[in-house]
Amino acid sequence: MLMDWKIGGVALGVVFFLAVLLVKPIGVSTQFVILDGIAWNAVDSSVITQTEDGKYTSTNPYLAKSHGKYAKHAANPLNYSFVFVIAMVLGAAASALSRGRESAEERSVPQIWRANFGDSKAKRYAAAFVGGFIVLYGARLAGGCTSGHMMSGLMQTSLSGYLFTLGAFGAAIPTAMIMYKRS
């Protein structure tokens, strides 16, 4: 069963509201840093250490910042934020699998992409990866993440959230119009 986008939007709003109300604002890009720290520490156990007073630190300045908060999360990843990101991936997979009316080919290379750029899955995936990397890099460079600035920021009526959202849509709409040759 395909859910109407309006119902999905309201459901997403309710989930974000409950998260902000009951736990904390949602932000996920930091969890990529935590995942890097987990992998790095698995290869080199000297990257993250626990001090005598039970706190965590790292030889990497980024993981050590915020008084070792990132190092602690990399050493003990079963926390709300990291589990939330895993749940997002699993939820997206469940959503994709439940959309039975589209073929796997149509989901991989949508018709609008095919009409503008051809049938290559590799080209589609490469474009998605590069676009995602640019957004994530820019968000981290700005000290936040897209979900933190836009979704949680708007939910909290944060000025930076509104400014980020205006900037994101101000760049995304013309880019989409150029890429998909719509005017």
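Here is what the cut-offs are and how they apply
- Residues numbered from 1 in each chain as written.
- Predicted model: local features only at pLDDT ≥ 70, side-chain atom pairs only at ≥ 80, totals over all residues.
- Heavy atoms only, no water.
- Helix = DSSP H or I, 4+ residues; strand = E, 2+ residues; numbered from the N terminus.
- Core = buried A, V, L, I, M, F, W, Y, C linked by side-chain atoms within 4.5 Å.
- Buried < 20%, exposed > 50% of the residue type's maximum accessible area, 1.4 Å probe, protein only.
- Contact = heavy atoms within 4.5 Å.
- Salt bridge = Lys/Arg side-chain N within 4 Å of Asp/Glu carboxyl O.
- Axes fitted to C-alpha atoms, helices over the stretch in contact; angles between N-to-C directions.
- Parallel < 35°, antiparallel > 145°, perpendicular 65-115°, else oblique.
- Left-handed = near helix turned anticlockwise from the far one by under 90°.
- Nonpolar A, V, L, I, M, F, W, Y, C, P; charged D, E, K, R; others polar.
- Expected span 1.5 Å × (residues − 1).
- Bend = angle between axes of the 7 residues up to and from the residue.
- Polar contact = N/O pair within 3.5 Å; in protein donor to acceptor, adjacent residues only side chain to side chain.
- Patch = residues over 30% accessible without salt bridge, like charges linked within 9 Å, V, L, I, M, F, W, Y side chains within 5 Å.
- Areas by Shrake-Rupley, 256 points an atom, 1.4 Å probe, with all protein chains shown as cover.

(A) Highlighting the environment of glycine 13. Structurally, the position occupied by glycine 13 is in helix H1 (residues 5-22). On a C-alpha basis, the gap between glycine 13 and methionine 155 in space is 8.5 Å, while along the polypeptide they are 142 residues apart.

(B) Here's a closer look at the nonpolar core. Counting residues in each nonpolar core, the largest one holds ten residues, listed as Val33, Ile34, Val47, Ile48, Tyr56, Leu63, Tyr70, Ala71, Ala74 and Phe82. Those elements that place two or more of their residues in this core are helix H2 (30-43) and helix H3 (61-75). The element contributing the most residues to this core is H3, with four residues. Every residue in contact with valine 47, bar those within four places of it in the chain, is listed here: Trp40, Asn41, Thr57, Ser58, Thr59 and Leu63. Within the second largest apolar cluster, six residues are counted, among which are Ala19, Val28, Phe84 and Val85.

(C) Highlighting unusual backbone geometry. Not every positive phi belongs to a glycine, and serine 66 is a case in point at roughly 60°. Considering the arrangement of structural elements, one finds serine 66 in helix H3. When its relative accessible area of 40% is taken as the criterion, serine 66 is described as partly exposed. One non-glycine residue with positive phi stands out, namely histidine 67, at about 60°.

(D) Fine view of the pattern of salt bridges. Scanning the model with the defined rule gives one salt bridge in all. A salt bridge links aspartate 119 to arginine 114; the shortest N-O distance between them is 2.9 Å.

(E) Structural detail: the packing of helix H8 (residues 146-155) against helix H9 (residues 159-179). Between H8 and H9, the least distance of the axes is 8 Å, while the angle of their chain directions is 120°. In terms of their interaxial angle, H8 and H9 are classed as oblique. Once H8 is placed against H9, the crossing between them reads as left-handed. Here Thr146, His149, Met150, Gly153 and Leu154 of H8 come into contact with H9, specifically with Ser160, Gly161, Tyr162, Phe164, Thr165, Ala168 and Phe169. Classifying every residue of the contact of H8 with H9 gives six nonpolar, six polar and no charged.

(F) Spotlight on H3. Taking 1.5 Å per residue as the helical rise, H3 with its 15 residues ought to reach 21 Å, whereas the 15 Å between its terminal C-alpha atoms falls clearly short. The largest bend along H3 reaches roughly 125° and is located at histidine 67. Restricting attention to buried positions, one finds in H3 the residues Leu63, Gly68, Tyr70, Ala71 and Ala74. Residues of H3 that are buried make contact with H2, strand E1 (48-50), strand E2 (56-58) and helix H7 (121-141). For H3, the capping residue at the N-terminal end is asparagine 60, with a side-chain oxygen 2.9 Å from the backbone nitrogen of tyrosine 62.

(G) Local environment of a nonpolar patch on the surface. Nonpolar side chains collect at one region of the surface, where Val10, Val14, Phe17, Leu18, Leu21, Leu22, Val23, Tyr80 and Met155 lie side by side and expose about 840 Å² of accessible area between them. If one sorts the elements of the nonpolar patch by residue count, H1 sits on top with six residues. Structurally, phenylalanine 17 can be placed in helix H1.

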